[in-house]
Amino acid sequence: MTSNTNPMRRSVGWLGLKRGHQAHPVEWLAEKAIFLISLSAILMVFLIFVFVAREAWPVLRGQANSSLVRPVIPVEQMDQLSPQKLQDYLGLTPKQYALMDQETMKSLMEVKIEASKEVPDDKDARLNTVSWRYLARPYQWTGYDHPVSIWQPVSPVPKFNIIPLIIGSLKATLVALVFGVPLALGAAVYVSQLAAPRYREWLKPGIELLAGIPSVVLGFFALIVLASFFQGLFGYQSRLNAFVAGIALGLAIIPVVFSIAEDALTSVPRSYTQAALALGASRWQAAWQVVLPAALPGVFAAAVLGFGRAVGETMVVLMASGNASIVSWSLWDSTRTVTATIAAELAETVFGGNHYRILFLIGTLLFVVTFLSNWAGDVIVHRLKKRLEGKI
Amino acid sequence: MSRPRSFAAERFDYGSFLFTGLTAAATFLILAILAVILGHILLHGWESLSWRFITAGTEKDMFDVHKTGVFPMIIGTAARVILMSIFVVPVGVITAIYLTEYARASSIATRIIRGAVNNLAGVPSIVFGLFGLGFFINFVGQNMDAVLRPDSPDPLWGKPAILWASLTLAVMTLPVMIVATEESLRAIPQGLREGSLALGATKLQTILRVVLPQALPGIMTGAILAISRAAGEVAPILFTGAAYYMAQLPTSLTDQFMDLGYHVFVLSTQSPNIEQTRPILYATVVVLLLLTFALNVVAILIRARIRAKMRAVS
């Protein structure tokens, strides 16, 4: 009512929605619906975090216990247990519990007793290997003469140390950045500043075509062609290693880094270049000393976003890195990354088991790392655009 | 006082030569690598590509060079991307409409939506796979089973299926769709909107009858880019619906499916004899590239035309 009498209020909408002169109910409803649907991107980012972290929750909170040595309850005491306790003891879901009769549960309890007799008799079997202590720090396992970090999820005593995986991811990413970023930045400078406009029209889409090659095809190319080529060139031992995977990964990030850097360089106002040229600078001096410094945050953001892409890339490293989880900083060693571990192992885990939850845990870590790098890159680009438009 | 610099360079400008040369070398090296990859694959794959290979189903032994084909994989991949576009196109277009037509650039809602879109674009594909499993299958699917079929012990919805794979891919390609549509909406001259409003059309009418028809090529580009991106992705469907082998084609939303990209992965890593299966591996890669790459080329061409149009407008 008041909005009709006050002309100022009419143009100020709710949460950025401007209502028109004649706010027909259908119009109003459509606007609200459009607004609500447009929130789905936010909802999805939120859901991704919540539901990936949800599967890892018991490990995050330290509730999971992988210790193989457990107190065993004799079968005769079954009647004294409360239904809830019995369900937990046998590791059943409520649905499974409801469908089971006494006899089956009795035999399950006997199985538990039998299983407890087969537990290996060493101190490692008593450890809860899914607690943070064993996930992130080296430990001296039985049979080793010094503390080590091991990822060995399928063994009598499962070992889930994530250090080898993180080192693997960092190695491959480092190679990818060292190879891909200079190439992509050089190309971005050339295409945006130095190339003649009529070539530009072809060069930019040409490089963007690289983004059209699916990562599984890049992985295939690295596995079948690049690996043999580099082995012939450098003569290293293991055919698939961090170097091969890193080069292929570099190819995957080049289009991303190129697009963002090119965009940042192009958004530097034409007048900057023109002023520099008018003062007698050559084209490369204008590009190197005027445009590049002005666009530097954008170029940096391109590298940051390239990092995010390289850390998260899956199929390339799954196929080309060799997948041996060893702690080594050598680029010529076979290596296993965080993403490849999830892709290779999740299908074989027991649903809801410790291994399954740990894989979701490293997935959550991966999400957090890429979220932060994307967010940082995004903020930098946003600020740069504002500054170049003269708003700060 | 130093002498004023002369405008004409008397000496050969080595710095300029080096800098321009290096950046040009980087550009052409990237293009050369692209050409080598495509050339190598096409050269090796073309000879083993035959009509029979494309139309034949696959036997139980999918590594048999003479009998196996990729028909089920083509159908599976096509089905999942078509299903995906049914979900992603409307949501993407509506979000883009909100961002360009309704939202004010400075409002908090717009900034958060933009941030979310950019972030979604950078989420690793394997995390989408985990999300599809954790949300669509373990949460939505299992709850659907609990509500719709409480008596049946074996899950119908709460297991990997083409529906869940498509939905996962739809979430993944949402940013592609939004960004492409937004770009084409911004390329439409403001005068068209103003003219429509001046003739008495409401905002919704303007959007539906003036803006959207003009933006159609851009929306098509977005959809094609999203499809081409999704068709080549393997990581998000590893746990949400792709099958190693299936005797039949998928017939319902809850079936699993065979997939071209996943098949490339299987052929190149699980083959008992890589030398022997090399021909079918290359041929499968060619089929996958024809599907994704050809779509991408079409999209880039349309996009280049839209960009040219936009430059003309501004």
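Trainee: Before we move on, can you summarise the overall build of chain B with the specific residues and values?
Mentor: Assigned secondary structure in chain B consists of 10 helices and 0 strands. Listing every helix and strand of chain B by position from the N terminus yields α-α-α-α-α-α-α-α-α-α. In terms of principal-axis extent, the alpha carbons of chain B reach across some 85 × 60 × 40 Å. A buried classification covers 47% of the 314 residues belonging to chain B. Contacts in chain B between residues far apart in sequence, at least 24 positions, make up 76% of those at least 6 positions apart.

Trainee: An account of the overall build of chain A is requested, with residue identities and associated values reported.
Mentor: Check the secondary structure of chain A and you find 17 helices and 2 strands. Taking 392 residues into account, the globule formula puts the C-alpha radius of gyration at 21 Å, and chain A, at 29 Å, lies well above it. With the principal axes as the frame, chain A shows a C-alpha extent of 95 × 80 × 30 Å. In chain A, which comprises 392 residues, the share counted as buried stands at 41%. A separation of at least 24 residues holds for 74% of the contacts in chain A among residues at least 6 apart in sequence.

Trainee: Could you give an account of the packing of helix α6 (residues 162-186) of chain B against helix α8 (residues 203-232) of chain B, naming the residues involved and the relevant values?
Mentor: Residue and element names in this part refer to chain B. In the contact formed by α6 and α8, the axes pass within 8 Å of each other and the chain directions differ by 150°. Seen from above, α6 lies across α8 with right-handed handedness. Taking contact as the criterion, the partners of L169, M172, T173, V176, M177, A180, T181, E183, S184 and L185 in α6 are, on α8, V211, A215, P217, G218, I219, T221, G222, A223, L225, A226, R229 and A230. The residue inventory of the contact of α6 with α8, partitioned by class, reads 14 nonpolar, 6 polar and 2 charged.

Trainee: Now, about the nonpolar core: what can you tell me, with residues and values included?
Mentor: Note on soluble globular proteins: their nonpolar side chains tend to be buried together. One finds A222, A248, V257, A261, V316 and A320 of chain A to be the most contacted residues of the largest nonpolar core, which totals 193 residues. Of the residues forming this core, the biggest block, 18 residues, is contributed by helix α12 (residues 242-266) of chain A.

Trainee: Now, about the environment of A96 of chain B: what can you tell me, with residues and values included?
Mentor: Topologically, A96 of chain B is positioned in helix α3 (residues 71-102). Leave out the neighbours within four places in its chain, and A96 of chain B touches I178, T181, E182 and L185 of chain B.

Trainee: So what's going on with the interface of chain B and chain A? Which residues, and what values?
Mentor: Taken together, the contact pairs 76 residues of chain B with 78 residues of chain A. Ranked by the residues each element gives to the side of chain B that touches chain A, the list is headed by helix α1 (residues 14-46) of chain B, at 16 residues. For the side of chain B that touches chain A, the residue count by class is 48 nonpolar, 23 polar and 5 charged.

Trainee: Explain the environment of F53 of chain B residue by residue, including any values.
Mentor: Note on placement: F53 of chain B falls in helix α2 (residues 51-55). Setting aside anything within four residues of it in sequence, one finds F53 of chain B in contact with G69, V70 and A283 of chain B.

Trainee: Let's hear about helix α7 (residues 102-117) of chain A: which residues, and what values?
Mentor: The end-to-end C-alpha distance of α7 of chain A, which contains 16 residues, comes to 23 Å, matching closely the 22 Å that a straight helix rising 1.5 Å per residue would cover. Counting buried residues along α7 of chain A, only 1 of its 16 residues qualify, which leaves the element largely exposed.

Trainee: Could you give me a rundown of the packing of helix α9 (residues 163-194) of chain A against helix α14 (residues 283-312) of chain A, with the residues and numbers involved?
Mentor: To characterise two packed helices, one gives the angle between the axes of the helices and the distance between these axes. All names here are of chain A. Direction vectors running N to C along α9 and α14 enclose 145°, while the axes themselves pass 9 Å from each other. Note on packing geometry: the crossing formed by α9 with α14 is right-handed. Together, S169, T173, A176, L177, G180, V181, L185, V189, Q193 and L194 of α9 and R283, W284, A287, V291, L292, V299, A303, G306, F307, A310 and V311 of α14 make up the contact between the two elements. Each residue belonging to the contact of α9 with α14 can be placed in one class, and the counts come to 15 nonpolar, 5 polar and 1 charged.

Scoring rules and cut-offs
- Residues numbered from 1 in each chain as written.
- Chains lettered and ligands numbered in written order.
- Predicted model: local features only at pLDDT ≥ 70, side-chain atom pairs only at ≥ 80, totals over all residues.
- Helix = DSSP H or I, 4+ residues; strand = E, 2+ residues; numbered from the N terminus.
- Buried ≥ 20, exposed ≤ 12 C-beta atoms within 10 Å, placed from the backbone.
- Contact = placed C-beta atoms within 7 Å.
- Rg over C-alpha atoms; globule rule 2.2 N^0.38 Å.
- Axes fitted to C-alpha atoms, helices over the stretch in contact; angles between N-to-C directions.
- Left-handed = near helix turned anticlockwise from the far one by under 90°.
- Nonpolar A, V, L, I, M, F, W, Y, C, P; charged D, E, K, R; others polar.
- Core = buried A, V, L, I, M, F, W, Y, C linked by C-beta atoms within 7 Å.
- Expected span 1.5 Å × (residues − 1).

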